[in-house]
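# Summary of structural features
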Amino acid sequence: MARQTHRLDVNGRSHEIHAEPNRTLLEVVRDELRLTGAKEGCGTGDCGACTLLVDGRVVTSCLMLWPEAEGREVRTIEGLADGGELHPLQRAFVEHGAVQCGFCIPGMILAGVATLERVPSATRAEIRDGIAGNLCRCTGYQKIVDAIESVAEAPA
Amino acid sequence: MTTIERPRYNAVGEREPRVEGLHKVTGRTVYAADVQLPGMLHARLVLSPHPHARITALHADAALAHPGVVAVVTADDLARASRDGSNPARGASNRADALFADREAVFAGQPVAAVLGESYADAEEGAELVRVEYEVLPAVLDVEAAMEPDSPLARSPVSDIDHTEEDAHVTIDVRSEEAEGRATNIASHLSFERGDLDEGFSRADLVVEQSYRAALVHQGYIEPHATVASYDPATGDVAVWTSTQGQFHVRDTLMRLFKLPETKLRVVGCELGGGFGGKMIQSATIATACALVAGRPVKLVFTRREDLLAATPTPGSVVRLRSGITSEGDLTALEATVIYDAGAFPGAPVAAGTLLISSFYRWPHLRTDGYEVLTNHVSVGAIRAPGIHNITHAIEQQVDAMALGVGLDPAAVRLRNAVRTGDEMASGKPFPSIGMVETIEAAARHPIWTGREAARARSTETTRVGVGLAVSGWLGGLQPATCELMLNSDGTVNAVVGVMDISGVNTSFAQIVAEELAIPVERVSVSTGDTRTAPYAGIAAGSKTTITMGRAVREAAVDLREQMFSIAADQLEANPTDMVLGEGEVQVAGSPDRSLTFRRLAAITTGFGSLYTPIVGKGAISARVQAPGFTAQLAELEVDTVSGNVTLTGWATVQDAGYAINPLSVEGQMEGGTGMGIGIGLSEEYLYDDEGRLRNAGLLDYRMPTAADTPDIDSVIVEVPSEEGPYGARGVGEPSITAGGAAIANALHDALGVRLTEMPATPERVLRALGRVAD
């Protein structure tokens, strides 16, 4: 397939990408930009390991063709920390023991970020719904929910 | 959380966040699929669509003519991968050796060929162009029918059974006997006997007879199997980056298959994206064979579909039980038949399952038979406590039914009959220190259990509420272990181990070193070396890593401390036995001003012309006594009797950890295993069509629990010290998966008054049990 050229804005930087248009956003982010935090766990949008934020919304990037992301703001796990300063959710995941094998964690944290941006004082049930598209097999979700809850604002 | 007073330490016993956590939350951790090498090819697999077929021809010409396709590798090509020209797949009896179907495909999804392409797309397009001609053979799909003497054979007869999968997880003194000549599908059989069954049943006031089925399930790790293998024809060097629970197991297998000298082979076990017993070797053998044939690096990452079809999920089973109880609640006799569907290659955990189904309670009379049966389902491997969720689902419903049948409290009947330290297992071997009783007692005190009447009272016409209890345990494995520990020039220490960290063990090892050297955990680093740089280590499986490698780490720290004491005593003109540890220094007891810092000790043992040898601690331990872990789990649930949907509303997992070196990690293991048990109990199963093809080879239809399906889990750690584990620790990784399905089944009985004898308890099965849908 003939390659196409588009610009992708990823983590605040603009990249000119030259690639086959039938490749997924996940493939291009991983293989062309070498941002390998996003993972492929199923390739069918069922596990959430490939979760990225596109214009602030959760996207399973294994199902999105990369040219569709042109003109939008793509955020990956690598862009979440502010320099050396971790995002509060990243710190909470470590401190609460929410991280085990880690494979789902980049997607899970981004889903948690999107959940709290949408519902800043999310309850445990709202947190569970917010991350229901992200499978984790190590934790039973207990400490993941604990970590996200610890960062949520107290209900007004 | 803790129910008895804990011994006091400084570093162990604390809730320590994982040492590698920061790398994981920033996306920097490198997993096998993240590895890219110059000149790397991509491999895609061609899978058999038939559960049983003869391969009569394979046409690769169209694929090879496709631009970007470099090679097509089949079983016939494996002789080119082997240094001595032998073909490892020829007549292979074990799944690890059978890289590709060799003339006969024995399950739907079995790899038949790999296509190597310059890009992933090239390889994928090439794989679609490979044309395989099959002569379809009768498929053996029902495990009970497969045991009949006149059943067709699932596969051509094979020899030796490889017990690696089972041995990795559990050390038991019994071994199933291989059926002679393998003229039937029964791959192995074993039995246990005690007392006189007739006498046992004659003493019973109630005899319960029931059959139970458990589905074939997948371990469900989120990272599919992945390997990058490289081969340099000029030097003969082979390097393999892979996702495995046992890098030395991969090394030994590749050496054996391809006759590679150990000096030319390096296996790097990458950070593992979940294993749970299922990540041993499947992608490493194929990727390495492809690299050896092509003379270039090859990446092979299973798709999820391939991982469900062609990895090693864990067996379905049929368990038939007949058992007796007196009206006082004494168990009198157990007659059990345990049948595991091994799929197309031997490897089901029949010895462990058959032993443990008859060993959790004091049965005065018993007879247990276990069978491992070959079918044309996917070949199976281990899972957390392999085989035990199957038998627990049966025996714990049976005990529940007997207790309720004579009008007694199920927790009380369990306590009355539970095995204690020193009691004999069905094999005659005595249990080492165990905490089954303490575990049940803690569950019986839990608010979910004591509040079950109030919970039931919430029931309405169409929403029934129930609470269930189930108990189980796991013996765990044993393997020797060694650790090296180096004193750094800044007074910190580095530990090197060869075992994969799948559960936070490196964090626990850092705590152990910190404890023994009286330094903060931050001054210890633990590195997982590869097979060239680390001392030999076993597979991270069998709940054994902390209790074996943890002992080696502790010995290494003690060794390092004694070397420091000896050198400091010499320098300070004191007796080594008078030396004590201060804060990052060695002191003469009672004279803290006479001291040497760790940093100074490092300097005087590494400087030019030093009279002392560098300080390197070594710990090496042999396997001795197991440290079994028991769990008791409580499920509270609501059943919608119109839809059959089950909603979990409360959960407690009680587990004996012996001593929780890192309670944060122990809870993580308990919660994770509980989550898997919930999936096994409610929603996960391989669904085959009548032709033996998997219908749900994807994560939408192979349904693992999401966060929204999972209740809050209350982890209750019980600490009955083991004889062997460091600080009394027990194996904690596996017991947590065992009891969930049974606890759910008992809660469903509590809610509905009917038994769901088939697991998982899907809405359809719930409605069937209620008579709302016809069979």
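Residues numbered from 1 in each chain as written. Chains lettered and ligands numbered in written order. Predicted model: local features only at pLDDT ≥ 70, side-chain atom pairs only at ≥ 80, totals over all residues. Heavy atoms only, no water.

## Digging into the interface of chain B and chain A
Contact residues are listed per partner, giving 48 residues for chain B and 43 residues for chain A. Interface of chain B and chain A: buried area, both sides summed, is about 3,700 Å²; carbon and sulfur atoms make up 56% of it. Summed over the three residues of chain B that lose the most area to chain A, namely Val25(B), Ile222(B) and Ala707(B), the buried surface amounts to 18% of that side. Our count for the chain B to chain A interface comes out at seven salt bridges. Two residues, Glu684(B) and Arg137(A), come together in a salt bridge whose shortest N-O distance is 2.7 Å. Counting the contacts that link chain B with chain A gives 26 residue pairs in polar contact (both at pLDDT 80 or more). Elements with a contribution of two residues or more to the side of chain B that touches chain A: α1 (21–25) and α20 (663–682) of chain B. Considering each element in turn, the side of chain B that touches chain A owes the most residues, eight residues, to α20(B). (Contact = heavy atoms within 4.5 Å. Buried area = accessible area lost by both parts, 1.4 Å probe. Salt bridge = Lys/Arg side-chain N within 4 Å of Asp/Glu carboxyl O. Polar contact = N/O pair within 3.5 Å; in protein donor to acceptor, adjacent residues only side chain to side chain. Helix = DSSP H or I, 4+ residues; strand = E, 2+ residues; numbered from the N terminus.)

## Brief notes about the pattern of salt bridges
Residues and elements named next belong to chain B. Counted under the stated rule, the structure contains 57 salt bridges over all chains. One salt bridge in this structure joins Glu 516 and Arg 561, with 3.0 Å as the shortest N-O distance. Here the residue Glu 516 occupies a position in helix α17 (residues 505–517), and Arg 561 occupies one in helix α18 (residues 545–572), the gap between them amounting to 45 residues. Classification of Glu 516 as buried rests on a relative accessible area of 9%. We classify Arg 561 as buried; its relative accessible area is 18%. (Buried < 20%, exposed > 50% of the residue type's maximum accessible area, 1.4 Å probe, protein only.)

## Describing the sheet that holds strand β4 (residues 104–105) of chain B
Residues and elements named next belong to chain B. Strands sit in the order β4-β2-β6 across an open sheet of three strands; the sheet is antiparallel. For this open sheet the edge positions go to β4 and β6 (131–136), each flanked by a neighbour on one side alone. Judged from the two bridges that link them, strand β2 (residues 53–59) and β4 form a sheet pairing that is antiparallel. The partner of Arg 54 across the bridge, within β4, is Glu 104. (Pairing = 2+ DSSP bridges.)

## Section: the packing of α18(B) against helix α19 (residues 598–606) of chain B
Residues and elements named next belong to chain B. The interhelical angle for the contact between α18 and α19, taken along N-to-C directions, is 85 degrees, at an axis separation of 11 Å. It follows that α18 is roughly perpendicular to α19 by the angle criterion. Residues Met 564, Ile 567, Ala 568 and Gln 571 of α18 lie in contact with α19, whose contacting residues are Phe 598, Leu 601, Ile 604 and Thr 605. A breakdown of the residues in the contact of α18 with α19 according to their chemical character gives six nonpolar, two polar and no charged. (Axes fitted to C-alpha atoms, helices over the stretch in contact; angles between N-to-C directions. Parallel < 35°, antiparallel > 145°, perpendicular 65-115°, else oblique. Nonpolar A, V, L, I, M, F, W, Y, C, P; charged D, E, K, R; others polar.)

## Overview of unusual backbone geometry
Negative phi values dominate among residues other than glycine, just as trans dominates among peptide bonds. Residues and elements named next belong to chain B. A cis amide bond links Met 759 with the next residue in sequence, Pro 760, at an omega value of 5 degrees. The topology assignment puts Pro 760 in the loop between β28 (758–759) and α22 (763–769). With phi around 55 degrees, Ala 518 is a residue other than glycine that occupies positive phi space. Considering the arrangement of structural elements, one finds Ala 518 in the loop between α17 and β20 (524–528). For Ala 518, a relative accessible area of 35% puts it in the partly exposed group.

## Comments concerning α18(B)
Here α18(B) spans 39 Å end to end across 28 residues, near enough to the 40 Å set by a 1.5 Å rise per residue. Residue Glu573(B) follows α18(B) closely and has a positive phi angle near 55 degrees. (Expected span 1.5 Å × (residues − 1).)

## Points about the domain arrangement of chain A
Residues and elements named next belong to chain A. By domain assignment, chain A separates into domain 1 (4–78) and domain 2 (88–151). Placing a centre on the C-alpha atoms of domain 1 and another on those of domain 2 gives a separation of 21 Å. On the domain 2 side, the residues contacting the 16 residues of domain 1 number 13 residues. Summed over both partners, the interface of domain 1 with domain 2 comes to about 1,100 Å²; 66% of that surface belongs to carbon and sulfur atoms. (Domains from an automatic or database assignment.)

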